[in-house]
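Residue strings, one per chain:
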Amino acid sequence: MGTHSISYSGDLNHKLQMIRDWASKYNIMFQGNTERGSFDGRGLSGSYYREGQFIIVTITSVPVLMSEQNIVNQMAGFLR
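Residue numbers restart at each chain and count upward from 1, following the sequence in its written direction. This being a predicted model, a pLDDT of at least 70 is required before a residue's local features are given, and a value of 80 or more before pairs of side-chain atoms are given or counted; all residues contribute to the totals for chains, interfaces and linings. Side-chain calculation: all heavy atoms of the structure are included, whereas hydrogens and water are not.

1. Some points on helix 2 (residues 68-79)
Count 3.6 residues to each turn of an α-helix, and residues three or four apart come out pointing the same way.
Right, on to step 1. Secondary structure elements follow DSSP: runs of H or I of four or more residues count as helices, runs of E of two or more count as strands, with numbering from the N terminus. To estimate how far a helix should extend, the number of its residues minus one is multiplied by 1.5 Å. In this model helix 2 runs 17 Å from its N-terminal to its C-terminal C-alpha over 12 residues, within 8% of the 16 Å that 1.5 Å per residue would give.
Right, on to step 2. Each residue is placed in one exposure class: buried if its accessible area under a 1.4 Å probe, protein chains only, is under 20% of its type's maximum, exposed if it is over 50%, and partly exposed if it falls in between. Every buried residue of helix 2 is accounted for by Glu68, Ile71, Val72, Met75, Ala76, Phe78 and Leu79. All buried residues of helix 2 project into a common sector of 160° when viewed along the axis, lining one side.
Right, on to step 3. Residues of helix 2 that are buried in the fold lie against strand 1 (3-7), helix 1 (12-25), strand 2 (29-32), strand 3 (36-41), strand 4 (44-51) and strand 5 (54-61). Read the arc as the range of directions from the helix axis to the C-beta atoms. Working rule for contacts: check all heavy atoms of both residues, and any pair within 4.5 Å makes them a contact.

What follows is the structure, given as C-alpha cells:
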C-alpha cells in the first residue's frame, strides 16, 4: 500500500465531515481532526495528516475488490 498527497481548498472541517459521513454509510470508522486522523473498517485502513494545503494519506489495507487508487480518488473528490 502507499502514501498519497491530496490538495484541498476551502473549509477542511466541512470536507472531513463529508468524508466521515460517507465512511459511516459503509461501516468505516473515520476518526480525527484537521491535523491528523485514521480510518478503519471493512478491509480498509489507513491514516492521514495535514501538511499545508495537502492531506497526506497512507493506506495500509484495501478491500479485495477495490483498488487503492479508487479510495484515493474518492477522498480527493471530497477534498477538492
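Still more ground to cover, so stick around.
2. Focus: the sheet that holds strand 4
Hydrogen bonding along the main chain pairs the strands of a sheet, whether they run parallel or antiparallel.
Right, on to step 1. With antiparallel pairing, the 5 strands of this open sheet are ordered in space as 1-5-4-3-2. The two strands at the open ends of the sheet, each matched to only one other strand, are strand 1 and strand 2. Going from strand to strand, the sheet's axes swing by 20° on average, the running direction of each strand aside.
Right, on to step 2. Against the sheet, helix 2 engages strand 1, strand 2, strand 3, strand 4 and strand 5, with an angle of about 20° to strand 1. In this description, strands pair whenever DSSP reports at least two bridges between them. In this analysis an axis means a line fitted to C-alpha atoms, helices contributing only their contacting stretch, and an angle means the value between N-to-C directions, from 0 to 180 degrees.

3. With respect to helix 1
Right, on to step 1. Here helix 1 contains 14 residues, and its C-alpha end-to-end distance of 20 Å stays within 8% of the 20 Å for a straight helix at 1.5 Å per residue.
Right, on to step 2. Among the residues making up helix 1, those that are buried are Leu12, Lys15, Leu16, Ile19 and Ala23. Looking down the long axis of helix 1, one finds its buried residues gathered within 95° of arc, a one-sided arrangement. Opposite the buried face of helix 1, at more than 90 degrees from it, the exposed residues are Asn13 and Lys25.
Right, on to step 3. Near the N-terminus of helix 1, the side chain that reaches the backbone nitrogen of Asn13, with its oxygen 3.1 Å away, is that of Asp11.
Right, on to step 4. Taken from the residues just after helix 1, Asn27 is the one with a positive phi, measuring 60°. We call two N or O atoms a polar contact when they sit within 3.5 Å, provided that within protein one can donate a hydrogen and the other can accept it, with sequence-adjacent residues counted only if both atoms are side-chain atoms.

Functional significance is not addressed by these values, which are geometric in nature.
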